Amino acid sequence: MVEEEGIRVVRCGGSELNFRRAVFSADSKYIFCVSGDFIKVYSTATEECVHILQGHRNLVTGIQLNPSNHLQLYSCSVDGTIKLWDYIDGILIKTFRVGCELHALFTLSCAEDSVFVMINKGKPDVFQLASVKLPKSSSQEIEAKELSFVLDYVNQSPKCIAFGNEGEYVAAVRDFYLSVYFFKKKTTTRFTLSSSRNKKHARNNFTCVACHPKEDCIATGHKDGKIRLWRNFDDEKKYTYTCLHWHHDLVMDLAFSVTGSSLLSGGRESVLVEWREAAEKNKEFLPRLGATIEHISVSPAGDLFCTSHSDNKITIIHRNLEASAVIQGLVKDRSIFTGLMIDPRTKALVLNGKPGHLQFYSLQSDKQLYNLDIIQQEYINDSGLIQIELTKAAFGCYGNWLATVEQRQEKETELELQMKIWMYNKKTQGFVLNTKVNMPHEDHITALCFCNAEKSESSTLVTASKDGHFKVWILTDDSDIYKKAVGWTCDFVGSYHKYQATNCCFSEDGSLLAVSFEEIVTIWDSETWELKCTFCQRAGKIRHLCFGRLTCSKYLLGVTENGILCCWNLLSCALEWSTKLNVRVMEPDPNSENIAAITQSSARTNLCHEPRPLYIQKNICREEVLWGVFVPRDVPESFTSEAHQWLNRSQFYFLTKSQSLLTFSTQSPEEKLTPTSKQLLAEESLPTTPFYFLLGKHRQQQQNDKLNEALENELVQLPLTENIPAISELLHTPAHVLPSASFLCSMFVNSLLLSTETKSAEENPDDVDMEEEKESDDSDEENNFTEKIQDTNNTDLEEDIIHQLSKSEEKELKKFRKVDYSWIAAL
Amino acid sequence: MAAGGGGVADPLSPAGVPCAFSPQSQAYFALASTDGHLRVWETANNRLHQEYVPSAHLSGTCTCLAWAPARLQAKEGPQRKKRKSEAIGTSNQADLLALGTAVGSILLYSTVKGELHSKLISGGHDNRVNCIQWHQDNGCLYSCSDDKHIVEWNTQTCKVKCKWKGDNSSVSSLCISPDGKMLLSAGRTIKLWVLETKEVYRHFTGHATPVSSLTFTTIRPPNESQPFDGITGLYFLSGAVHDRLLNVWQVRSENKEKNAVMSFTVTDEPVFIDLTLSENKEEPVKLAVVCKDGQVHLFEHILNGYCKKPLTSNCTIQIATPGKGKKSTPKPIPILAAGFCSDKMSLLLVYGNWFQPTIERVALNSKEPHMCLIRDISNCWAPKVETAITKVRTPVMNSEAKVLVPGIPGHHAAVRPAPPQTKEVESKRKLGEKEVSIEERLGALDIATKKEKDDLPQTNSFPVLLTQGLESNDFEILNKVLQTRNLNLIKRTVLRMPLHAVIPLLQELTKRLQGHPNSAILMVQWLKCVLTVHASYLSTLPDLVPQLGTLYQLMESRVKTFQKLSHLHGKLILLITQVTASEKTKETTCPAQKAKLVYEEGKDLGHAFLAYCFHQDNWDEDEDEKASEKDEDVDEENEEEEGDDEDKDEENGEDRDVASEKELNGDSDLDPENESEEE
């Protein structure tokens, strides 16, 4: 029995990952990317989402590692805040309020206390680069209003700004000019390319910029596919540039490798090009990346690259140009023609995927399962080409059949249509083409549906088309002496007064077929294909049509363009009721008599056979809802209240215009949003490596030697480190919140200095104990490497000193722990 | 009384490889194969999710593995300031995988990060770890080993919480009670421990060989009237090495009963067991047992007390290769593991080999006691690195697929035959036809042989050849005739061919038109000729619609572009050719030999009652009686035809019904348009 809370709309996946450049963690184990209002942390090795950092109230527009502590991450958002995160544990550390919309974020290692943001004041297209001073304070929420402007009138895209040579200058490009601002000299130099209308220079526009990490060199990408490398740009006269040209279309992004030895570029060709030593002839390619490269980023360790693609995926690439992992979100196609479907076999969500593919998406794990290549033609990624598009798809008979319709229309009269009917082959566990129909209709196919009645002995498929016909296809035996085979043939062609057929659907038992012809709904007997009756409401074209289920199977619901929802009774052949409701999406639940309708005003009604809605949720989302689908639950829930009952057997998912997938849930958003939010709480205790045995033994040996020496001189008493509060404090504080080691060291050593009155405190002459203590240190502090060394150093060096803290010093140390976590730890 | 021994080659060690489904939604399947690699597969799309090789995989192979129980994240805001060390016990450890090794160490592997999380060694086992169980609530880990001890680990600190001697020989299996307060352990005998005090609560007889699996099957006692103390009345299941019986035991309040309550029998040693817990008295326990011989046995039983006779399985699942043709025999594919899905109605089957297993979800709806699934896994063997990255699956598109293009039967609805009455007539006629056909053929053959001897290359022989070819359906003869390019020859042949051959010729032409476009070009000439010359004859046929429906559709679909223009063009051509033809026919007399043949038939009225062909007979009579009037006839017919055409024009505008008249109209209209297309 689930605790019944209010139903709320919950985002359950599908948001875009390719909005901004992805950022690698310092050790390349994690990769961060912005995703709507969240930041997602993925593991580069397993492609799994480790954390979702949530806290921003609007679109996150930029993320950068904290240059002074690489275990922390800065993010900025349109909501006007900069947040600092501890990404390992997924904890928000601080919020800086800036107060105006932030559109991009840059950090510099040399300017530790300030970050650079892009802000927009006044006009919509005028962006400024400003530096924000982040005040040090212990509070969680800090006002950071101290803005100083660096550059004005910059491009909105963060790809058009780059900081070079350890923060000596910043380069920004816009339209036809490149401006470089030198922080030391506080001067701006500007270089303008010819922008004349003639053919040669018309596409000279800058698209992106990148700066060499070590040298004074700026690389710019251009709309015509050229890459220019600028040098000597501190002088407006003597500057030079060289050209690299391989891309035939605009350069989408550029990135220098960590050492600067090679330059990476990518574009619509979906080929990653590596220019070694910035020379035209030294090129390496990684082709067939699937979709337009939108962003390129390089890990600080230099071992990985990653490319963000227009189809909502991030490819992680090894230094030797081998793709190693793909983080794939819900593929974003130009538009979703097929709508949402559920594959009865895998229970996956099915919709348009990559061009010409159907994507299968697992709702449980919010992950793409695979793309099914339906069209099977080489996709040429070029602008202005008219592609074959997958327009309709439907599953039939428990997923045994899949029908797809693809079309290509170059001119008004030249429509190419093809319908493919695939059979699921259990032996090979895959789809096999069964029947291919060229030009099944003379005009666009508007609807496609299988008869999914359980009893029907023959499989039936209906296609409705704008050419005024609907065709009934049945499965027939095509066996001959050579092979046993089945195939689909057309059984019946129906039409109604030359009206365009717009929708079709079967009743639950498969005995009736409803086909809407513009404003008229016709009911056909599926046995004899006789026209049984017609309904006409003269209220505009029918937009959606569906039969009721179970107890409501005698009703037929229709939605018209003019915003009328009609319900006809099939027994009396009369209108049962109608209501004024501008329904955008209407979906029946296969497991119950409920029907979900989403109206334009974002209210959501859930209708039964009565005109009274069962449940209404208003304002479900900001954007327009395009499609919806009911997904049967594996294990039925048992909500008892009337408002929740409709969620018992199925869940309703819907897709908005920006392709985020939402659903209704009673569970708290945290649970829903992070179904597998992985909080690793068990202490990591990595095993001892051979190196440890070498070094550790050596160290122990040293210790023992010294100890023996000391013993010879004087009996040295060593207290357990655990008994010293300062040490235990230090050891239990995570490394990334500690002050820098150099700072700690002196006072820590001081704290260990022997004060005479505590000399006889604890006596522990046994060296076995000391070993124990060392062991415990190791197991506790494997991750705090510096500390450990420091600790052991201390014990090594100061072994003849009894470790004890004076109370005041202890307090001081405690204060440090409490006060400020943003200490700069030079790790 | 051997203590098990730590080696892999131990005959008494459990068969099969350590493998497990991830808890809850069974999204992953972890498998530690004998080569020391740990592989995690995604069950939904059968894709290798990750692969991990422990650094000591050669010395300490993985002997058992267990997923950490998935727990809902505790309610803590994202702003929680607790340090991780303080937030113990509120974790979601769904991604942790515990691996026991042959040398006694236990590894915790994080599947999310893809790296080793921690290693439990100190104070643990010094021999092969046999079984690992996670405690469902408090994050503890229990392990048992060949060193006779059971160890309780604290996974947060990775230290031993407790270690006690579990048996006199090696401890081979563990299971934690549903309420988390008791622990079952088994070597050969089974012991139930109270976890708090580590004292033995009950003893059970166990098996003769080391117990390889232990599971609780119920979470509630069958008798709900009594107060439930968390353990009394519960059933559990045990399976052992080399034992074909799975025993079910009940924990009873009195300490007397030590024998199994009941047992299940399977065909071989159990390798992997999964079951659905029954939550109330009415719900049966569903049990899936994977045996060493690669079969899965399914049991469905309501546990209520004693049953002396071992129960046999309700359903057995086997998987085999298809065995192509007669040469290769089907081979069984071993099933490696089986797990119930959360809906309890379907089963995830893992089969194939350990390095590239196939994972499939099979619905359990069958009443039949034996299910044999035929699977072709030959193409799964090759490692597919490319697809692993791009995640694209290509469905098979082979030449066996049926292709429907406009004009091919099946693309459009078949033309319905006219009312059932005519159907009967038709069928009668067909019968008649069959009866006669032999004789007919003989007669034809006679003539044909004669003709062939006479003059083969002459144009005269073409109509004869044609009729002969059509009747005998001889491909070569037909090819010889139909592949001529000479327009005049075609015209003359068509003109001289017997009328009864017109319909067969048209059908032959239709068939060829549907074929290769190159041959269709030639056929169009023929079709045009036939339709212009024999339009009158065709228009007299009452059953034309069913006979030539496909041809009509074919032409209809092929002249879609410039429909009206081609209609007009067709009509004009028809008119002109008919007019010229009528002039010509005055000069050319009807073929003499044909008249002869018909004459003979006409004479032979003894057979005529067999109604060779209704129309042909009609024509025959015509021929007999009005041979001289023929010319005029043709003219008249032509005029009729024209009138018809006009009528049909109007009809065309009105309606597109599938009427017989229209059909004819289509025929006569459309043939020239084919030509126009070519032009």
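Each value, and the rule that gives it
Residues numbered from 1 in each chain as written. Chains lettered and ligands numbered in written order. Predicted model: local features only at pLDDT ≥ 70, side-chain atom pairs only at ≥ 80, totals over all residues. Heavy atoms only, no water. Helix = DSSP H or I, 4+ residues; strand = E, 2+ residues; numbered from the N terminus. Buried < 20%, exposed > 50% of the residue type's maximum accessible area, 1.4 Å probe, protein only. Contact = heavy atoms within 4.5 Å. Areas by Shrake-Rupley, 256 points an atom, 1.4 Å probe, with all protein chains shown as cover. Phe/Tyr/Trp six-rings, centres within 6.5 Å; stacked < 30°, edge-to-face > 60°. Lys NZ or Arg CZ within 6 Å of the ring centre and 35° of its normal. Domains from an automatic or database assignment. Pairing = 2+ DSSP bridges. Axes fitted to C-alpha atoms, helices over the stretch in contact; angles between N-to-C directions. Bend = angle between axes of the 7 residues up to and from the residue. Polar contact = N/O pair within 3.5 Å; in protein donor to acceptor, adjacent residues only side chain to side chain. UniProt positions renumbered as here; feature names shortened; annotations may be inferred. Patch = residues over 30% accessible without salt bridge, like charges linked within 9 Å, V, L, I, M, F, W, Y side chains within 5 Å. Salt bridge = Lys/Arg side-chain N within 4 Å of Asp/Glu carboxyl O. Lys, Arg positive; Asp, Glu negative; His and termini not counted. Charge placed at Lys NZ, Arg CZ, Asp CG, Glu CD. Parallel < 35°, antiparallel > 145°, perpendicular 65-115°, else oblique. Nonpolar A, V, L, I, M, F, W, Y, C, P; charged D, E, K, R; others polar. pLDDT = per-residue confidence, 0-100. Core = buried A, V, L, I, M, F, W, Y, C linked by side-chain atoms within 4.5 Å.

> Please provide a residue-by-residue account of the overall build of chain A, values included.
Broken down by element type, chain A carries eight helices and 57 strands. For chain A, the residues scored as buried account for 56% of the 827 residues in total. Contacts in chain A between residues far apart in sequence, at least 24 positions, make up 47% of those at least 6 positions apart. Within the structure as shown, chain A displays about 35100 Å² of accessible surface, and the carbon and sulfur contribution to it stands at 49%.

> Provide a residue-level description of the overall build of chain B, including the pertinent values.
Along chain B, the regular secondary structure elements total 14 helices and 30 strands. In chain B, which comprises 679 residues, the proportion classed as buried is 50%. Of the contacts made within chain B by residues no fewer than 6 positions apart, 56% connect residues no fewer than 24 positions apart. With the model as given, the accessible surface of chain B reaches about 32500 Å², and the carbon-plus-sulfur share is 54%.

> Summarise the packing of aromatic side chains; cite the residues concerned and give the values.
Under the criterion given, the structure shown has 41 aromatic pairs over all chains. Relative to phenylalanine 299 of chain B, the ring of phenylalanine 264 of chain B lies with its centre 4.6 Å away and its plane at 45°, an arrangement referred to as tilted. Taken as a pair, phenylalanine 264 of chain B in strand β20 (residues 262–265) and phenylalanine 299 of chain B in strand β23 (residues 296–301) lie far apart in primary sequence, 35 residues in all. Accessibility assignment for this pair places phenylalanine 264 of chain B and phenylalanine 299 of chain B in one class, buried. An aromatic cluster of at least three residues, connected via ring pairs, comprises Phe470, Phe492, Tyr496, Phe517, Trp524 and Trp529 of chain A. Across the ring face of tyrosine 177 of chain A, the terminal group of arginine 190 of chain A is positioned such that the distance to the ring centre comes to 4.0 Å. One cation-aromatic arrangement involves arginine 345 of chain A over tyrosine 424 of chain A; the distance from NZ or CZ to the ring centre is 3.8 Å.

> Could you give me a rundown of the domain arrangement of chain A, with the residues and numbers involved?
Interface size is commonly expressed as the accessible area that is lost once the parts come together. You can read the domains of chain A as domain 1 (155–298), domain 2 (336–379 + 386–439), domain 3 (442–553 + 565–574) and domain 4 (581–667). Using only C-alpha atoms to locate each centre, domain 1 of chain A and domain 2 of chain A end up separated by 40 Å.

> Give a description of the sheet that holds strand β42 (residues 486–495) of chain A that names residues and reports values.
All names here are of chain A. Reading across the sheet, the four strands line up as β39-β40-β41-β42 and stay open at both edges, with antiparallel pairing between neighbours. Unpaired on one side and paired on the other, β39 (445–450) and β42 mark the two borders of the sheet. Neighbour-to-neighbour, the strand axes of the sheet open up by a mean angle of 20°, direction not taken into account. Judged from the nine bridges that link them, strand β41 (residues 469–477) and β42 form a sheet pairing that is antiparallel. Bridge pairing links phenylalanine 470 to glycine 494 in β42.

> With reference to specific residues and values, describe helix α7 (residues 517–540) of chain B.
When the local axis directions of α7 of chain B are compared, the greatest deviation, roughly 75°, occurs at histidine 534 of chain B. α7 of chain B sits mainly inside the fold: 17 of its 24 residues count as buried.

> So what's going on with the environment of tryptophan 153 of chain B? Which residues, and what values?
Residue and element names in this part refer to chain B. For tryptophan 153, the location among the structural elements is in strand β11 (residues 149–154). You can call tryptophan 153 buried: its relative accessible area is 0%. In contact with tryptophan 153, not counting residues within four places along its chain, are Ile106, Leu120, Ile121, Ser122, Gly124, Cys140, Leu141, Ser143, Lys159, Val160 and Lys161. Side-chain polar atoms of tryptophan 153 contact the side chain of serine 143, separated by 3.0 Å.

> Before we move on, can you summarise the domain arrangement of chain B with the specific residues and values?
Here the domain parsing of chain B yields domain 1 (19–72 + 95–223 + 230–374) and domain 2 (461–562). The gap between the C-alpha centroids of domain 1 of chain B and domain 2 of chain B is 73 Å.

> How would you explain the UniProt feature "repeat: WD" (unreviewed entry) in chain B if you had to name every residue and give the values?
Using the residue numbers shown here, the UniProt feature "repeat: WD" (unreviewed entry) corresponds to residues 122–157 of chain B. End-to-end, the C-alpha atoms of residues 122–157 of chain B are 11 Å apart, and along that stretch the chain is 0% helix and 50% strand.

> Pulling in residues and values, what's your account of the UniProt feature "repeat: WD" (unreviewed entry) in chain A?
Within this structure's numbering, the places UniProt gives as "repeat: WD" (unreviewed entry) are residues 53–95 of chain A. End C-alpha atoms of residues 53–95 of chain A are separated by 13 Å, and the span's content is 0% helix alongside 58% strand.

> Before we move on, could you go through a nonpolar patch on the surface and cite the residues and values that matter?
Residue and element names in this part refer to chain B. A cluster of nonpolar side chains, namely Leu568, Leu572, Leu575 and Ile576, defines an oily patch on the protein surface of about 360 Å² accessible area. With respect to the helices, strands and loops of the structure, leucine 575 is situated in helix α9 (residues 563–587). You can call leucine 575 partly exposed: its relative accessible area is 34%.

> Give me the lowdown on the pattern of salt bridges, citing residues and values where you can.
Under the criterion given, the structure shown has 31 salt bridges over all chains. Because the salt bridges share partners, they merge into one network encompassing Glu47, Glu48 and Lys367 of chain A together with Glu42 and Arg47 of chain B.

> Any chance you could break down a negative patch on the surface for me, citing the residues and the numbers?
A surface patch of negative charge is lined by Glu166, Glu168, Asp216 and Asp234 of chain A. Residue position: aspartate 216 of chain A is located in the loop between β19 (206–211) and β20 (218–222).

> Let's hear about the side chain of glutamate 518 of chain A: which residues, and what values?
Residues and elements named next belong to chain A. By the secondary structure assignment, glutamate 518 is in the loop between β44 (512–517) and β45 (520–525). Despite being buried, glutamate 518 has no salt bridge partner; lysine 541 is the closest side chain of opposite charge, sitting 4.9 Å away. Setting aside residues no more than four positions away along its own chain, glutamate 518 makes contact with Tyr499, Gln500, Thr502, Gly540, Lys541 and Ile542.

> Requested: an account of the packing of helix α4 (residues 475–482) of chain B against helix α6 (residues 502–513) of chain B, with residues and values cited.
All names here are of chain B. Contact pair α4 / α6: the axes reach a minimum separation of 13 Å and the direction vectors enclose 85°. Compared by their axis directions, α4 and α6 come out roughly perpendicular. Contacts between α4 and α6 involve Phe475, Leu478, Asn479 and Leu482 from the former and Leu505, Glu508, Leu509 and Arg512 from the latter. In terms of residue class, the contact of α4 with α6 is made up of five nonpolar, one polar and two charged.

> Hey, could you go over the UniProt feature "domain: Small-subunit processome Utp12" (unreviewed entry) in chain B for me, with residue numbers and the actual values?
Here, UniProt's "domain: Small-subunit processome Utp12" (unreviewed entry) annotation points to residues 473–575 of chain B. Helix makes up 80% of residues 473–575 of chain B and strand 0%, with an end-to-end C-alpha separation of 33 Å.

> Break down the confidence of the model for chain A for me, citing the residues and quoting the values.
Residue and element names in this part refer to chain A. Of the residues in chain A, 78% have a pLDDT of 70 or more, and the chain-wide mean is 78. Low pLDDT, under 50, characterises residues 668–681; the predicted model gives this stretch 46 contacts beyond four residues in sequence or across chains. Counted against residues more than four places away or in other chains, residues 757–802, with its pLDDT under 50, gives 83 contacts.

> Please set out the nonpolar core residue by residue, giving values where relevant.
The biggest cluster of nonpolar side chains holds 37 residues, and the ones touching the most others in it are Leu466, Leu506, Leu509 and Leu538 of chain B. For this core, the element with the most residues is α7 of chain B, which contributes 11 residues.

> Account for the pairing of strand β3 (residues 38–42) of chain B, with residues named and values stated.
All names here are of chain B. In terms of residue burial, β3 counts as a mostly covered element, since five of its five residues are buried. In this sheet, β3 lies alongside strand β2 (residues 28–32) in antiparallel orientation, the contact comprising five bridges. Bridging from a neighbouring strand, tyrosine 28 pairs with glutamate 42 of β3. The hairpin formed by β2 and β3 contains five residues between the paired strands, and glycine 36 there has a positive phi angle of roughly 90°. Sheet analysis places β3 next to strand β4 (residues 47–52), joined by five bridges and oriented antiparallel.

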